[in-house]
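This is what each chain is made of:
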Amino acid sequence: MPSLLHEGVLELVRKQPTFAAGLLGQLLDVPVPQFTRARLADTALNQPVPVEFRADAVVVFEADAPVFGAIIEAQLRPDDEKLYSWPHYATSARAHHRCPFAVVVVTPDARTALWADQRIALGGGNHYRPLVVGPNDIPRVTDRDEASRQPELAMLSAMAHGQGDVSTASAIGAAAAHAIRQLPDDQRRVYSILLEAALSASARKVMTMESGLEKFFTEEHRRSQAEGVAEGMAKGKIEGKIEGKAEGKAE
């Protein structure tokens, strides 16, 4: 059963596929070609053989035709099986969509980031290397204007740093909470639950001492936010497999 943190990382991409371009360009310095639309694609990356390969999330950037693609993998711990599936994901998606593809591993765990950032031997002297976004690559977003401009990055910051230094974690949480308020209802509910799970108890306590955030994590608020979250996340997965379109241009 996938954990809330695992699903949370993917939910940021499912809710806003253009966020994948930010992961590539802003955090990894990998340029994404100019595009007019980012859409979720089918996560099944199978060949006609009796083995199933299913990625976490697949985003295709298009300008009339596909120009680039990203396979987002949320990884909470090392798993050597992924050293076999990640190269397959990239080559299979590349062949299917007829454009370059990158595997982007997103992890809030430093040890897992170090493990994932390795050259995978394919044989015959050939290698594949995924792109890795670890906690050291994710900024500590405490500025509320920046958080409002990039709510998905603010949420990812909370997931990566919400259990660390209490002062910093609470500032990150407060910035994310203010950014969340501007989002549509279903997105706000999901992000609120994810933010609570990302922050330590101490960080939540400090954060809710601030005026305007006193009731952010109360039981009443939690119940109201939780209504429909599971259904919404499940719906998002289904829609993502079908189409999951989102308009946007690369920065």
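Being a predicted model, the structure only gives us computed values, none of them experimental.

It is worth spelling out the packing of helix H6 (residues 151-161) against helix H7 (residues 166-180) at this point. It is at 9 Å that the axes of H6 and H7 come closest, and there the two elements cross at 150 degrees. Regarding the angle of H6 to H7, the classification is roughly antiparallel. Note that H6 runs across H7; the crossing there is left-handed. Within the contact between the two elements, H6 uses Pro-151, Ala-154, Met-155, Ser-157, Ala-158 and His-161 and H7 uses Ala-169, Ile-172, Ala-176, Ala-179 and Ile-180. The residue makeup of the contact of H6 with H7, split by class, is nine nonpolar, two polar and no charged.

A word on the side chain of Thr-208. With respect to the helices and strands, Thr-208 occurs in the loop between helix H9 (201-207) and helix H10 (219-226). Separated by 3.2 Å, the side chain of Thr-208 and the backbone oxygen of Lys-205 make a polar contact.

It is worth spelling out the pattern of salt bridges at this point. Under the criterion given, the structure shown has ten salt bridges. With its nearest N and O atoms 3.5 Å apart, the salt bridge here joins Asp-186 to Lys-15. Here Asp-186, found in helix H8 (residues 185-198), pairs with Lys-15, found in helix H1 (residues 4-15); they are 171 residues apart in sequence, far enough to count as distant. The partly exposed category is assigned to Lys-15, whose relative accessible area is 22%. A salt bridge links Glu-210 to Arg-144; its shortest N-O distance comes to 2.7 Å. Of this pair, Glu-210 sits in the loop between H9 and H10 while Arg-144 sits in helix H5 (residues 144-149); the two residues are 66 residues apart in sequence, bridging distant segments of the chain. We classify Arg-144 as partly exposed; its relative accessible area is 33%. One connected set of salt bridges, linked through shared partners, spans Glu-7, Glu-11, Arg-14, Lys-15 and Asp-186.

Extensive coverage of strand S4 (residues 101-106) is indicated by the burial of six of its six residues. Taken together, the six bridges between strand S3 (residues 65-74) and S4 define a ladder with parallel strand orientation. Bridged to Ile-71 within S4 is Val-103. This β-α-β element, S3 to helix H3 (residues 82-97) to S4, shows right-handed connectivity. In this sheet, strand S7 (residues 131-133) lies alongside S4 in parallel orientation, the contact comprising three bridges. Bridge pairing links Val-104 to Leu-131 in S7.

So, on to H8. In a regular helix each residue adds 1.5 Å, so 14 residues correspond to 20 Å; H8 covers 20 Å between its end C-alpha atoms and thus fits that length. Here H8 has its buried residues at Gln-187, Val-190, Tyr-191, Ser-192, Ile-193, Leu-194, Leu-195, Glu-196 and Ala-198.

With 57 residues, the main nonpolar core has Leu-24, Phe-61, Ile-72, Met-155, Leu-195 and Met-207 as its most contacted residues. In terms of residue count, H7 provides more of this core than any other element does, eight residues in total. Dropping the residues within four chain positions of it, Ile-72 is found in contact with Leu-10, Val-13, Ala-20, Leu-23, Asp-56, Ala-57, Val-104 and Val-106. Counting residues in hydrophobic clusters, the runner-up holds 20 residues, among them Ala-93, Cys-99, Ile-120 and Tyr-128.

Another point: the confidence of the model for the protein. It should be kept in mind that the predicted coordinates are not to be read in detail where pLDDT is low. Averaged over all residues, the pLDDT of the protein is 85; the fraction at 70 or higher stands at 82%. Of all helices and strands in the protein, the one with the weakest mean pLDDT is strand S8 (residues 245-247) (45), whereas S7 scores best (98). Throughout residues 47-52 the model reports pLDDT below 50, and contacts reaching past four residues in sequence, or to other chains, amount to four contacts. Long-range and interchain partners of residues 237-251, a stretch whose pLDDT sits below 50, account for 35 contacts in this model, where long-range means more than four residues apart.

With that settled, consider the packing of aromatic side chains. In the structure shown here, the tally under the stated rule is two aromatic pairs. A ring pair is formed by Phe-35 and Phe-61, whose centres lie 4.8 Å apart and whose planes are at 45 degrees; its orientation type is tilted. With Phe-35 in the loop between helix H2 (19-27) and strand S1 (37-41) and Phe-61 in strand S2 (residues 57-63), this pair connects stretches of sequence that are 26 residues apart. Taken as a pair, Phe-35 and Phe-61 share a single burial class, namely buried. On the numbers, 5.6 Å between centres and 55 degrees between planes, the contact of Trp-86 with Trp-115 is tilted. Of this pair, Trp-86 sits in helix H3 while Trp-115 is found in helix H4 (residues 110-116), placing the two residues 29 residues apart along the sequence.

Reading guide: rules and limits
- Note on numbering: residues in each chain are counted from 1, in written sequence order.
- Confidence filtering applies because this is a predicted model: local features only for residues at pLDDT of at least 70, side-chain atom pairs given and counted only at 80 or more, and all residues used for totals across whole chains, interfaces and linings.
- Note that the side-chain values use all heavy atoms of the structure and ignore hydrogens as well as water.
- For helices, the axis comes from a line fit to the C-alpha atoms of the stretch in contact; other axes are also lines fit to C-alpha atoms, and the angle between any two N-to-C directions lies between 0 and 180 degrees.
- Helix and strand definitions follow DSSP, with helices as H or I runs of at least four residues and strands as E runs of at least two, each counted in order from the N terminus.
- Throughout this description, any angle smaller than 35 degrees is read as roughly parallel, any larger than 145 degrees as roughly antiparallel, any in the 65 to 115 degree range as roughly perpendicular, and the remainder as oblique.
- Each crossing gets its handedness from the near helix: less than a right angle anticlockwise from the far helix is left-handed, clockwise is right-handed.
- Any two residues whose heavy atoms approach within 4.5 Å at even a single point are treated as in contact.
- Charged residues are taken to be Asp, Glu, Lys and Arg, nonpolar residues to be Ala, Val, Leu, Ile, Met, Phe, Trp, Tyr, Cys and Pro, and polar residues to be all remaining types, Gly included.
- In protein, a polar contact means a hydrogen-donor-capable atom and an acceptor-capable atom, both N or O and within 3.5 Å, with residues adjacent in sequence counting only if both atoms are side-chain atoms; elsewhere, any N or O pair within 3.5 Å suffices.
- Definition used for salt bridges: Asp or Glu carboxyl oxygen within 4 Å of a side-chain nitrogen of Lys or Arg.
- Note on exposure labels: buried denotes an accessible area under 20% of the residue type's maximum, exposed denotes more than 50%, and partly exposed covers the range between, all computed with a 1.4 Å probe on protein chains only.
- Pairing between strands requires that DSSP locate at least two bridges from one strand to the other.
- The crossover handedness rule: strands pointing away from the viewer, path from first strand over the helix to second strand clockwise, crossover right-handed.
- Given the number of residues in a helix, its expected span is that number minus one, multiplied by 1.5 Å.
- Residues belong to one nonpolar core when they are buried, are Ala, Val, Leu, Ile, Met, Phe, Trp, Tyr or Cys, and are joined through side-chain atoms within 4.5 Å.
- The pLDDT value expresses, per residue, how confident the predictor is, ranging between 0 and 100.
- Any pair of Phe, Tyr and Trp rings, taking the six-membered ring for Trp, is counted once the centres come within 6.5 Å. Such a pair is stacked with planes under 30 degrees apart, edge-to-face with planes over 60 apart, and tilted for the rest.

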